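# Secondary and tertiary structure notes
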Amino acid sequence: MIRRSSIILAGLVVAAAAGLAVAARAGSGGSAAAPRAEKSPAVRVVLPGRPGESARVSDSDQVAAPDGSTYNSIDTTFVQMMIVHHGQAIAMASLAGERAADDQLRALAGRIGASQAPEVAWLRGWLRDRGLPESDPAHDHAAMPGMQSAADMAALAGLSGPAFDRRFAAMMTDHHRGAVRMAGDVLGGGSDERLREVAGEMAVEQGSEIQRIQQLGLAA
């Protein structure tokens, strides 16, 4: 019951974040129509057999993990891309230790790094347990929702004090909203129940962190 409530709450967070993102785009003069995430097409995957058994080929949307759970291409894409997405958030958070002027922002950045690093380890384990690669050459990481450009990251690294705080707050808010949108893809179309729970927890936590940043009055 607790897990189901967490997923329901995550759904509300996803909906709220989507509304905030649309409002932000509309207020900035851009299009208010957010691009819809499309389901990744099923691909053929080779599943290694047990010792002495032949490998078999299956659709990625009809794969059973060693523990008996099932997963699909939406699950796999989310995990592979969220590893990179989290990696950028961790990199941003690491800059705050020496550059942030606001003590509360510095503490929040520390919490972000401390929580997302174990999540990355879990995501990597999810792929490893299924014999899947950590990355897919077909993925465009720069196009992930909320992903900050290399130029933005370099600019952030060159700031300190209040200027850093304002830039960090804006970038991390955008980054977190993107992660919530990505979690929504899994909540709406993923097959792995445990992964959906994890994605729901991520959405709730990052939605909460967006609120904390807004309460600091630093982000636009």
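Computed from a predicted model, the values in this text were never measured in an experiment.

### Regarding the overall build of the protein chain
Secondary structure summary: the protein chain contains six helices and four strands in total. Helices (α) and strands (β) of the protein chain occur, in sequence order from the N terminus, as α-β-β-β-β-α-α-α-α-α. Here the protein chain holds 220 residues, and 40% of them are scored as buried. Here the analysis covers contacts within the protein chain between residues at least 6 apart in sequence; of these, 72% occur between residues at least 24 apart. In the structure as shown, the protein chain presents an accessible area of about 11500 Å², 55% of it carried by carbon and sulfur atoms.

### A few points about the nonpolar core
With 26 residues, the main nonpolar core has Phe78, Val79, Met82, Leu123, Trp126 and Leu195 as its most contacted residues. Counting residues per element, the ones that place at least two in this core are α2 (73–99), α3 (103–129), α5 (162–189) and α6 (193–215). Top contributing element to this core by residue count: α2, with six residues. When near neighbours in sequence (up to four residues on either side) are disregarded, leucine 195 contacts Asp75, Phe78, Val79, Trp122, Leu123, Trp126 and Val186. One finds Ala93, Ala96, Ile112 and Phe164 within the second-largest nonpolar core, a separate group that totals 18 residues.

### Remarks on the confidence of the model for the protein chain
The share of residues in the protein chain with pLDDT of 70 or more is 71%, and the mean pLDDT across the chain is 80. In the model of the protein chain, strand β2 (residues 56–59) stands out as the element of lowest mean pLDDT, 44, in contrast to helix α4 (residues 150–157), which has the highest, 97. Here residues 53–59 scores under 50 on pLDDT; set against residues more than four positions off or in separate chains, the count is 19 contacts.

### Concerning the pattern of salt bridges
Per the stated rule, a full pass over the model turns up eight salt bridges. Salt-bridge contacts for arginine 194 lead to glutamate 201; the nearest nitrogen and oxygen are separated by 4.0 Å. The exposure class assigned to glutamate 201 is partly exposed, which follows from its relative accessible area of 41%. Among the salt bridges present, the one from glutamate 205 reaches arginine 212, with a minimum N-O distance of 4.0 Å. On the basis of relative accessibility, which here comes to 23%, the residue glutamate 205 falls in the partly exposed class. Taken together, the shared-partner salt bridges connect Arg111, Glu205 and Arg212 into one network.

### Points about the packing of α3 against α5
It is at 11 Å that the axes of α3 and α5 come closest, and there the two elements cross at 35°. In this structure, α3 meets α5 at a crossing whose hand is left-handed. Contact with α3, carried on its side by Leu105, Ala109, Ile112 and Gln116, involves Asp165, Phe168, Met172 and His176 of α5 and no other residues of that element. Looking at the contact of α3 with α5, its residues break down into five nonpolar, two polar and one charged.

### A look at the packing of aromatic side chains
A complete count under the given rule lists two aromatic pairs for this structure. On the basis of an interplanar angle of 75° and a centroid distance of 5.3 Å, the ring pair of tyrosine 71 and tryptophan 126 is categorised as edge-to-face. Placement of the pair is tyrosine 71 in strand β4 (residues 70–71) and tryptophan 126 in helix α3, with a sequence separation of 55 residues. Like tryptophan 126, tyrosine 71 is buried. Geometrically, the ring pair formed by phenylalanine 164 and phenylalanine 168 is stacked, given 5.6 Å between the ring centres and 25° between the ring planes. Note that phenylalanine 164 and phenylalanine 168 are positioned in helix α5 at a spacing of four residues, about one turn of the helix. Among the residues examined, phenylalanine 164 registers a relative accessible area of 0% and is labelled buried.

### Observations regarding the side chain of aspartate 75
Checked against the element boundaries, aspartate 75 lands in helix α2. An unpaired buried charge is present at aspartate 75: no salt bridge exists, and arginine 196, the closest side chain of opposite charge, is 6.7 Å distant. Reaching out from aspartate 75, the side chain makes a polar contact with the backbone nitrogen of serine 191 at a distance of 2.9 Å. If sequence neighbours within four positions are ignored, aspartate 75 has contacts with Thr70, Trp126, Val186, Gly190, Ser191, Asp192 and Leu195.

How each quantity is defined
- Residues numbered from 1 in each chain as written.
- Predicted model: local features only at pLDDT ≥ 70, side-chain atom pairs only at ≥ 80, totals over all residues.
- Heavy atoms only, no water.
- Helix = DSSP H or I, 4+ residues; strand = E, 2+ residues; numbered from the N terminus.
- Buried < 20%, exposed > 50% of the residue type's maximum accessible area, 1.4 Å probe, protein only.
- Contact = heavy atoms within 4.5 Å.
- Areas by Shrake-Rupley, 256 points an atom, 1.4 Å probe, with all protein chains shown as cover.
- Core = buried A, V, L, I, M, F, W, Y, C linked by side-chain atoms within 4.5 Å.
- pLDDT = per-residue confidence, 0-100.
- Salt bridge = Lys/Arg side-chain N within 4 Å of Asp/Glu carboxyl O.
- Axes fitted to C-alpha atoms, helices over the stretch in contact; angles between N-to-C directions.
- Left-handed = near helix turned anticlockwise from the far one by under 90°.
- Nonpolar A, V, L, I, M, F, W, Y, C, P; charged D, E, K, R; others polar.
- Phe/Tyr/Trp six-rings, centres within 6.5 Å; stacked < 30°, edge-to-face > 60°.
- Lys, Arg positive; Asp, Glu negative; His and termini not counted.
- Polar contact = N/O pair within 3.5 Å; in protein donor to acceptor, adjacent residues only side chain to side chain.

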